[in-house]
Amino acid sequence: MKHMQKIAPFAAMAVGVVLALATSAFNKVPKNKSGDTLYTFQYNAPVTNPYSQTNVENKANWSYTAGTPSCDDNDQQACSFEVSSNSVDIPTMGDPTLKSSFSITAQEYDPSDYYVGSTSDNDATIVNKSL
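Residues numbered from 1 in each chain as written. Predicted model: local features only at pLDDT ≥ 70, side-chain atom pairs only at ≥ 80, totals over all residues. Heavy atoms only, no water.

Draft legend 1. A look at the state of the cysteines. For the structure shown, the criterion picks out one disulfide. With a sulfur-sulfur separation of 1.9 Å, Cys71 is cross-linked through a disulfide to Cys79. Taking the torsion about the sulfur-sulfur bond, which here is approximately -75°, the covalent link between Cys71 and Cys79 counts as left-handed. (Disulfide = S-S within 2.5 Å.)

Here it is in C-alpha cells:
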C-alpha cells in the first residue's frame, strides 16, 4: 500500500504529460470572425496551359489542403485561397470540395499567366504567387 502511495503522484503526472502531448498534436481548425470554419484550397496546375484563365477558373483544378501552401502573395500566378464553410460541400467521407455555385474570377498578369482576382466568397483570403 505504501508503495502505491509513492507511485501515484508520478503516475498522475505521467498521465497528465501524455494527455497534454496528445491534445497538442491536433491543430485547431481556423475560423473567421463569425465563427465559420475556414477551408484552404490549393491550385493544381494542369500540364497544358497551366495558368490560363480557363484553368484557374476551373474548380476541378483546386483541391482542399489541410496544410499551408507555399505562396508568396504576389499577383502573378494562382496559388491558394481560404473560404468559409458556406462555400464548401463537406462529404461524410473524403475531402471538402467547392460548392457548384462557387466561382473563381481570374485576373491576367500576362497572356499566359493568370491569378485569382476574386471569388464568390467575398471574405475569401486569396494568396497568389510569383512566377
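Draft legend 2. Spotlight on the environment of Phe102. Here Phe102 is to be found in the loop between strand 5 (97-98) and strand 6 (104-110). Residues Phe102 and Val88 lie 14 residues apart in sequence; the distance between their C-alpha atoms is 8.2 Å. Among residues more than four places away in sequence, those in contact with Phe102 are Lys59, Phe81, Val83, Ser87, Thr119, Ser120 and Asp121. (Helix = DSSP H or I, 4+ residues; strand = E, 2+ residues; numbered from the N terminus. Contact = heavy atoms within 4.5 Å.)

Draft legend 3. Structural context of unusual backbone geometry. Within the chain, Asn49 stands out as a residue other than glycine whose phi angle is a positive 50°. Mapped onto the secondary structure, Asn49 falls in the loop between strand 1 (38-43) and helix 2 (53-57).

Draft legend 4. Highlighting the nonpolar core. Of all hydrophobic cores here, the largest spans 17 residues; its most connected members are Phe41, Val56, Trp62, Phe81 and Val83. Among the elements of the structure, strand 1, strand 3 (77-84), strand 6 and strand 7 (113-119) are those that each provide at least two residues to this core. In this view, Trp62 contacts Phe41, Gln42, Tyr43, Asn44, Val56, Ala78, Cys79, Ser80, Phe81, Leu98, Ile104 and Val116; residues no more than four positions away in its chain are not counted. (Core = buried A, V, L, I, M, F, W, Y, C linked by side-chain atoms within 4.5 Å. Buried < 20%, exposed > 50% of the residue type's maximum accessible area, 1.4 Å probe, protein only.)

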